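Structural characterization, general
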Amino acid sequence: MTAIEGFLAGARSSLDRADPARAADLQADGALIVDIRPYANRLAEGEIPGSVVVERIHLEWRLAPDSEWRLPGVSAETVAVVVCNEGYASSLAAADLQRLGLAKATDLAGGFRAWAAAGLPVREGGSPAVP
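Presented here is an overview of the structure given in this document. These numbers come from a predicted model, not from an experiment.

Glancing now at the sheet that holds strand β4 (residues 105–107). The strand order across the open sheet built from four strands is β2-β1-β3-β4, with neighbouring strands paired in parallel fashion. Each edge of the open sheet carries a strand with a single partner, namely β2 (52–53) and β4. Both strand β3 (residues 80–83) and β4 contribute to a ladder of three bridges, which runs parallel. Looking at β4, one finds that Val 82 is bridged to Asp 107. Helix α5 (residues 89–99) contacts β3 and β4 of the sheet and is inclined by roughly 175° relative to β4.

A word on the nonpolar core. The nonpolar side chains of soluble globular proteins are, as a tendency, buried together. Among the nonpolar cores identified, the biggest contains 18 residues, and Val 34, Val 54, Leu 59 and Leu 63 are the most heavily contacted of them. Within the residue set of this core, elements represented by two or more residues are α4 (59–63), β3 and α5. Considering each element in turn, this core owes the most residues, three residues, to α5. Discounting residues that sit within four places of it in the chain, Val 54 has contacts with Val 34, Asp 35, Ile 36, Leu 59, Arg 62, Leu 63, Leu 71 and Val 130.

In β3, alternate side chains face the same way, and those of Ala 80 and Val 82 on one face and Val 81 and Val 83 on the other are all buried. For strand β1 (residues 32–35) and β3, the ladder comprises four bridges, and the chain directions are parallel. Within the sheet, the bridge partner assigned to Leu 32 lies in β3 and is Ala 80. Of the crossover connections in this fold, the one passing from β3 over α5 to the parallel β4 is right-handed.

Here β1 runs beside β2; their pairing, made up of two bridges, is parallel. Across the sheet, the residue bridging to Asp 35 is Val 53, located in β2. Each parallel crossover has a hand, and for β1 linked through helix α3 (residues 39–45) to β2 it is right-handed.

This part is about the packing of aromatic side chains. Here the structure, examined in full by the defined rule, presents zero aromatic pairs. Cation over ring: Arg 37 sits above Phe 112, and NZ or CZ is 4.0 Å from the ring centre.

Attention shifts here to the side chain of Asn 85. Along the polypeptide, Asn 85 turns up in the loop between β3 and α5. Look past the residues within four positions of Asn 85 in its chain and what remains in contact with it is Arg 37, Asn 41, Glu 45, Gly 110, Gly 111, Phe 112 and Arg 113.

A few words on the pattern of salt bridges. All told, the structure shown has 11 salt bridges when counted by the stated rule. Ionic pairing is found between Asp 16 and Arg 22, a salt bridge with its closest N-O pair at 3.0 Å. Taking relative accessible area as the criterion, Asp 16 reaches 51% and is therefore assigned exposed. By relative accessible area, which is 30% here, Arg 22 ends up partly exposed. Across the salt bridge formed by Arg 113 and Glu 86, the nearest N and O atoms sit 3.0 Å from each other. Residue Arg 113 is located in helix α6 (residues 111–117), and its partner Glu 86 is located in the loop between β3 and α5; the two are separated by 27 residues in the primary sequence.

About the criteria used
Residues numbered from 1 in each chain as written. Predicted model: local features only at pLDDT ≥ 70, side-chain atom pairs only at ≥ 80, totals over all residues. Heavy atoms only, no water. Pairing = 2+ DSSP bridges. Helix = DSSP H or I, 4+ residues; strand = E, 2+ residues; numbered from the N terminus. Contact = heavy atoms within 4.5 Å. Axes fitted to C-alpha atoms, helices over the stretch in contact; angles between N-to-C directions. Core = buried A, V, L, I, M, F, W, Y, C linked by side-chain atoms within 4.5 Å. Buried < 20%, exposed > 50% of the residue type's maximum accessible area, 1.4 Å probe, protein only. Right-handed = clockwise from strand over helix to strand, strands pointing away. Phe/Tyr/Trp six-rings, centres within 6.5 Å; stacked < 30°, edge-to-face > 60°. Lys NZ or Arg CZ within 6 Å of the ring centre and 35° of its normal. Salt bridge = Lys/Arg side-chain N within 4 Å of Asp/Glu carboxyl O.

The following block contains the structure:
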């Protein structure tokens, strides 16, 4: 196993990863879908309706339950599903959020591309990220 494979496995060991259907169910139940993909990917491929775009460099500050810069309504009880292109960077990000106190953070297995391939709703991309 390479170093990055071990790092990824360690991050995923604490996650209850969601497949696209489960992520859609979680969203319907009030979970926050957090898109961390770069603008170019969101513009080219689209976005999940109802998702919030938070650039990776701001993620911890916007979702840490005790951060003065957190998104409105975010608490330690918030269910958040982090989305990247294919489900790798999102695993690392979700594990970081758990370490910061967002115990119900997870990620979308297969990422946005798995969501789209499953035929789930996609809107036009290019939304601005939360500042």
